[in-house]
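# Coordinate analysis (summary)
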Amino acid sequence: MKKLKCEQAKEIDLVNYLASLGHRPEKIRNQDFWYLSPLKDEKTPSFKVNRQKNLWYDHATGKGGDLIDFGTLYHTCSVSELLDRLSEYQARPVLSFHPPTVSGNFPGANSRSAGEKKETTDSKIVVLDSCPLAAKELLNYLQERCIPLEIAGRFCKEVDFLLYGKKHTVIGFQNNAGGYELRNAHFKGSSAPKDITFIDNRTDDVAVFEGFFSFLSFCTVNKNLTAPLSNCLILNSLSFFEKSRSLMEQYSQVHLILDRDTAGMNCKKQALQWNRDKYIDRSDFYQNHKDLNDWLIHHQHSQKQSLRSGRQL
């Protein structure tokens, strides 16, 4: 995968990128898209993107700029790390957002500017059906990720959806609002609405994960335990971390099982500043690996290689 340069990254459509992060405009006025700020909690939209100029300004924080300026703030990462993220984003299919028809409540509603399009069902993910996991390619993908079907089948479904008129079959992990995180070997995306997933095991503590494959890996590592696992909070996006603080702090201990990249480590640092006694970093368990699933894959492959070597001896 070729790494993007800054000038190439700045050409990525901000509206589409925000949609891939789960943010939708609250209102649209010609080329101006107004959002609830992705950078802070608020109830009145103050974050504006001018799609024609591909620039943003957040009235709540007084900050603005291009996609590089936004991305480094949003992901709390360096420019180089952001370019890695954006290179991966460009390399995979993404949900492209096209603005809906503007209602007559907004100025300029009757005079649409060049470049705006009406929303069509082809341009967004439309979930068609869900059923128990069975498709061979999905079972193979789970095997590659070292997740047993008995565990994946408890929390995931096989989901068919349409995007740009093409049908896809993926693993779907549902959130609290009814949307899905959608994955297969070739696709990574989500259906609206974007939200957290909370699994209540009626314990006094909670384990927090960035993505659902880390959660499934946690279940796999602990599959032989007889005691109930901790309550589990799957963020599905780090943008929900700070927003979930009140939920996390209802519990006596919060076990952080976040990715070991810059964004995940920054969330960990933030939590330890909130309360060092309540929040506990568990990432040492999978040190030298990106996340818990990466550790699980390497661990199981190492075990298999050891067994093969033993047979040869």
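Below is a short write-up of the structure.

In terms of helices and strands, the protein chain carries ten helices and 15 strands. By the burial criterion, 47% of the 313 residues in the protein chain qualify as buried. Put simply, of all contacts in the protein chain between residues at least 6 apart along the chain, 61% involve residues at least 24 apart.

Before going further, it helps to examine the sheet that holds strand β4 (residues 55-58). As summarised here, the arrangement of the five strands in space is β1-β2-β3-β4-β5, forming an open sheet in which the pairing is antiparallel. The open sheet has two edge strands with one neighbour each: β1 (27-29) and β5 (63-65). The sheet shows a mean angle of 15° between the axes of neighbouring strands, taken without regard to direction. In terms of strand pairing, β1 meets strand β2 (residues 32-35) through three bridges, oriented antiparallel. Paired with Lys 27 across the strands is Trp 34, a residue of β2.

Moving on: the nonpolar core. Within the largest apolar cluster, 30 residues are counted, with the highest numbers of intra-cluster contacts made by Ile 171, Phe 209, Phe 212, Phe 213, Phe 215, Leu 216 and Ile 234. For this core, the elements supplying multiple residues, two or more each, are α5 (136-144), α6 (149-155), β8 (166-174), β12 (205-209), α7 (212-221), β13 (231-234) and α10 (292-312). By residue number, the principal contributor to this core is α7, which donates six residues. When sequence neighbours within four positions are dropped, the list of residues in contact with Phe 215 reads Phe 155, Phe 173, Ile 199, Phe 209, Cys 232 and Ile 234.

A cis amide bond links Ala 192 with the next residue in sequence, Pro 193, at an omega value of 0°. Looking at where Pro 193 falls in the secondary structure, it is placed in the loop between β10 (188-190) and β11 (197-199).

Attention shifts here to the sheet that holds strand β15 (residues 279-281). Strands sit in the order β11-β13-β12-β14-β15 across an open sheet of five strands; the sheet is mixed. Of all strands in the sheet, those bounded by a partner on one side alone are β11 and β15. Ignoring strand direction, the axes of neighbouring strands in this sheet form an average angle of 20°. Relative to β13, β12 runs parallel, the two sharing four bridges. Each bridged residue has a counterpart across the sheet, and for Ala 207 the counterpart in β13 is Cys 232. Packing against the sheet, α7 makes contact with β11, β12, β13 and β14 (253-257), and its axis sits at approximately 155° to β13.

Along the chain, the position of Ile 199 falls in strand β11. Ile 199 sits 31 residues away from Ser 230 along the chain, and the two C-alpha atoms are 8.9 Å apart. Sequence-distant contacts of Ile 199, that is, excluding residues within four places in its chain, are made with Phe 155, Phe 215, Asn 231, Cys 232 and Ile 234.

Quick look at the side chain of Asn 293 now. By secondary structure assignment, the location of Asn 293 is in helix α10. Of the residues examined, Asn 293 reaches a relative accessible area of 2% and is grouped as buried. There is a polar contact of 3.0 Å between the side chain of Asn 293 and the side chain of Ser 217. Apart from the residues within four sequence positions on either side, Asn 293 is in contact with Arg 145, Ile 147, Phe 213, Ser 214 and Ser 217.

Thresholds, definitions, all that
Residues numbered from 1 in each chain as written. Predicted model: local features only at pLDDT ≥ 70, side-chain atom pairs only at ≥ 80, totals over all residues. Heavy atoms only, no water. Helix = DSSP H or I, 4+ residues; strand = E, 2+ residues; numbered from the N terminus. Buried < 20%, exposed > 50% of the residue type's maximum accessible area, 1.4 Å probe, protein only. Contact = heavy atoms within 4.5 Å. Pairing = 2+ DSSP bridges. Axes fitted to C-alpha atoms, helices over the stretch in contact; angles between N-to-C directions. Core = buried A, V, L, I, M, F, W, Y, C linked by side-chain atoms within 4.5 Å. Polar contact = N/O pair within 3.5 Å; in protein donor to acceptor, adjacent residues only side chain to side chain.

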